[in-house]
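These are the residues of each chain, in order.
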Amino acid sequence: MERIAPGKVNLGLSLLGRRPDGYHELHTLFAALSFGDRLYLEPIPEGIAFRGRYGRRNLAYRAASAYLERAGWPGGVRLVLEKALPEGAGLGGGSSDAAQVLLALKELYPAEVDLFALALSLGADVPFFLLGGVAEARGVGERLRPLSLPPLPVVVFAPGLRLLTPLVYREVKPHDFAPELPVEAVLQALARGEEPPYWNSLEGPAFRLHPELREVKARLRALGLRGVLMSGSGSAFFGLAEDEAHARRAAEALKYAGYARWGYLGGNRGAFGEGRDPLPPGFGGA
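What counts as what
- Residues numbered from 1 in each chain as written.
- Predicted model: local features only at pLDDT ≥ 70, side-chain atom pairs only at ≥ 80, totals over all residues.
- Heavy atoms only, no water.
- Salt bridge = Lys/Arg side-chain N within 4 Å of Asp/Glu carboxyl O.
- Helix = DSSP H or I, 4+ residues; strand = E, 2+ residues; numbered from the N terminus.
- Buried < 20%, exposed > 50% of the residue type's maximum accessible area, 1.4 Å probe, protein only.
- Contact = heavy atoms within 4.5 Å.
- 1 Å grid on protein atoms, 1.4 Å probe; cavity = no way out; pocket = protein on both sides within 12 Å on 5 of 7 lines; lining within 4 Å.
- Points joined across faces, edges and corners; volume = space filled by probe spheres on them.
- Nonpolar A, V, L, I, M, F, W, Y, C, P; charged D, E, K, R; others polar.
- Phe/Tyr/Trp six-rings, centres within 6.5 Å; stacked < 30°, edge-to-face > 60°.

K.L.:
I'd love a proper account of the pattern of salt bridges, names of residues and values included.
P.N.:
Throughout the structure, instances matching the rule amount to 20 salt bridges. Measuring nitrogen to oxygen at the nearest pair gives 3.6 Å for the salt bridge that ties Arg 162 to Glu 87. With Arg 162 in the loop between β7 (152-158) and α5 (165-170) and Glu 87 in the loop between β4 (76-82) and α2 (93-108), the pair connects residues that are 75 residues apart, well separated along the chain. Classification of Arg 162 by relative accessible area gives partly exposed; the value is 48%. Of the residues examined, Glu 87 reaches a relative accessible area of 23% and is grouped as partly exposed. Glu 136 is paired through a salt bridge with Arg 138; the nearest N and O atoms lie 3.2 Å apart.

What follows is the structure, encoded as structure tokens:
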């Protein structure tokens, strides 16, 4: 079995404040990309035969172990992970890998396992990748509401700088907090090809840690991309292109400076994202 684990970008990310549990309350729009990592899975009699970085510490391995344990170890799996997305870039590669492992094992070994609860136990972004497509997220990212958006050509660029999410959040100051995103206005602007009225509250902290990231953002804007924004806690940025030809040219201009890829937003809707509201109590709604 082969699966693509798509990356994501955040079409705006607003930090609303700090929660009593120490985490930050956020409001964001997740959008899956049409490209990402690649996974190969096949059943084996027992155990987990994993080939990929970090061994048992890899989130994909941990997802496989957690699912098979909850399913009562009906068998094992051979799992090969081919990474394509850069690490520490805010593109959600590890979370997507974990979600695709859960979905694949649900097919290989059907069992009464709550995938959303299991996904959340692995990481706040993992539940989104069970859905794919586009979704509004609240809380720490676990309260999801699926949205619709036409396919949009996008360019993603990561300068080769790995940003650790805890360090970026540690740099957050009270003046970085912001109100909720204007979701409908953002969606309408994106659909019309206009500059979307979104922001990323983590850009300020990331720029204070690494001022050179301002130049990265300016470089994408200089290529004529609109809505240029850092994704998640960085260091990747994305920008929306006028059309496929524009996206190709921009990615070509960036390829020698770091990771550069073009594709489409909102693709790879997950197995739970089509035709019905799949969210159990506690996950749905805004």
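K.L.:
Lay out the side chain of His 24 in plain terms, naming residues and giving numbers.
P.N.:
Mapped onto the secondary structure, His 24 falls in strand β2 (residues 24-44). Not counting the four nearest positions on each side in its chain, His 24 is found in contact with Leu 15, Gly 17, Arg 18, Arg 19, Gly 139, Val 140, Tyr 169, Val 172 and Phe 177.

K.L.:
Could you give an account of the layout of surface pockets, with specific residues and numbers?
P.N.:
One number sums up the size of the largest pocket: a volume of about 1,400 Å³. Taken together, 46 residues make up the lining of the largest pocket; nearest its centre are Ser 95, Asp 125, Thr 165, Pro 166 and Ser 233. Put simply, the parts of the chain that give the lining of the largest pocket at least two residues each are β1 (2-18), β2, α1 (59-70), α2 and α5. Looking at the lining of the largest pocket residue by residue, the class counts come to 18 nonpolar, 16 polar and twelve charged.

K.L.:
Can you lay out the packing of aromatic side chains for me, pointing to particular residues and giving the numbers?
P.N.:
Counted under the stated rule, the structure contains six aromatic pairs. Judged by centre distance (5.1 Å) and plane angle (65°), the rings of Phe 128 and Phe 129 are edge-to-face. Phe 129 shares its class with Phe 128; the two are buried. For the pair Phe 207 and Phe 237, a centre-to-centre distance of 6.3 Å together with 20° between the ring planes defines the contact as stacked. Pair noted here: Phe 207 is in helix α7 (residues 203-209) and Phe 237 is in strand β9 (residues 237-240), with a separation of 30 residues, a long-range link. Across the pair, exposure class does not vary: Phe 207 and Phe 237 are buried alike. One aromatic cluster is present, formed by Phe 30, Phe 128 and Phe 129 through successive ring pairs.

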